[in-house]
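# Coordinate inspection notes
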Amino acid sequence: MSKNKPLLILFLSFSLFNSCQDILECVINRRPELSNKRLATGQVNNYYLEEIHAEIKNEPHDNSYDYYFYIDEDLPRGLSYYIDHRNIIIEGQPQASGIFTFDVRLEVEQFDDYCENELNDCDGLCEDVTSRTYKLVIR
């Protein structure tokens, strides 16, 4: 038996229990991403506006997904956020100075032809959840 046959058998066995699409999804590395940006520094009592963008890496049709955002921790008093499809918009007039950190968690789900069952997740993604910590400085 050649050295490659055990690997081939292992690969084929794995493929029987997981669809080939699942393997390709992770090779292509389709997954949600939040922008890796440094938030602008704000000033107390001055209008502040910042945007955090989300996308699906390596997915040309990333508008074909629903984006669900969750923010852990509070924003500085005077700032609020709203969701505009694939963006989180932070705006307002901060009332206190300091360094504020908060986590943004993003879950995505394909809304056209989405199917998920016990054997196959066919939304085309390797992962459907991500998160990132942001730091906001108010002076």
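Residues numbered from 1 in each chain as written. Predicted model: local features only at pLDDT ≥ 70, side-chain atom pairs only at ≥ 80, totals over all residues. Heavy atoms only, no water.

The next point concerns the overall build of the protein. Of the regular secondary structure elements, the protein holds two helices and seven strands. When the helices and strands of the protein are placed in sequence order, the string is α-α-β-β-β-β-β-β-β. Counting the 139 residues in the protein, one finds 32% classified as buried. Contacts in the protein between residues far apart in sequence, at least 24 positions, make up 69% of those at least 6 positions apart. Here the protein displays about 8,900 Å² of accessible surface, and carbon together with sulfur accounts for 50% of that area. (Helix = DSSP H or I, 4+ residues; strand = E, 2+ residues; numbered from the N terminus. Buried < 20%, exposed > 50% of the residue type's maximum accessible area, 1.4 Å probe, protein only. Contact = heavy atoms within 4.5 Å. Areas by Shrake-Rupley, 256 points an atom, 1.4 Å probe, with all protein chains shown as cover.)

On strand E1 (residues 31-34), burial follows the alternation: Pro32 and Leu34 on one face are buried, whereas Arg31 and Glu33 on the facing-out side are not. In this sheet, strand E2 (residues 48-57) lies alongside E1 in antiparallel orientation, the contact comprising four bridges. Within E2, the position partnered with Leu34 by the bridge is Ala54. (Pairing = 2+ DSSP bridges.)

Note on sheets: strands pair through backbone hydrogen bonds, and any given pair is parallel or antiparallel. As summarised here, the arrangement of the four strands in space is E1-E2-E5-E4, forming an open sheet in which the pairing is antiparallel. This sheet does not close on itself; its edge strands, each paired only once, are E1 and strand E4 (79-84). Each strand axis lies, on average, 20 degrees off the axis of its neighbour in the sheet, ignoring direction. (Axes fitted to C-alpha atoms, helices over the stretch in contact; angles between N-to-C directions.)

Core analysis: the biggest nonpolar cluster contains 23 residues, and Leu34, Ile52, Tyr67, Phe69, Ile90, Phe102 and Val104 have the highest contact counts within it. Secondary structure elements with two or more residues in this core: E2, strand E3 (65-72), strand E5 (87-92), strand E6 (98-110) and strand E7 (129-138). A per-element tally of this core places E6 first, with five residues. Here Ile90 is in contact with Tyr48, Leu49, Glu50, Ile52, Leu75, Leu79, Ser80, Tyr81 and Phe102, once residues within four sequence places are set aside. (Core = buried A, V, L, I, M, F, W, Y, C linked by side-chain atoms within 4.5 Å.)

What follows covers the confidence of the model for the protein. Across the protein, pLDDT averages 81, with 71% of residues at or above 70. Under a pLDDT of 50 for its full length, residues 16-21 has, in the predicted model, six contacts with residues more than four places off or in other chains. (pLDDT = per-residue confidence, 0-100.)

Spatially, three strands are ordered E3-E6-E7 in an open sheet, and the strand pairing comes out antiparallel. A single partner strand is all that each edge strand has here, and the edge strands are E3 and E7. The average undirected angle you get between the axes of adjacent strands in this sheet is 25 degrees. Relative to E7, E6 is paired through ten bridges, and the arrangement is antiparallel. From the neighbouring strand, Val104 faces E7, where its bridge partner is Arg132.

Okay, the environment of Tyr67 next. With respect to the secondary-structure elements, Tyr67 resides in strand E3. Given a relative accessible area of 8%, Tyr67 falls into the buried group. Spatially, the C-alpha atom of Tyr67 lies 10.0 Å from that of Phe111, the residues being 44 residues apart in sequence.

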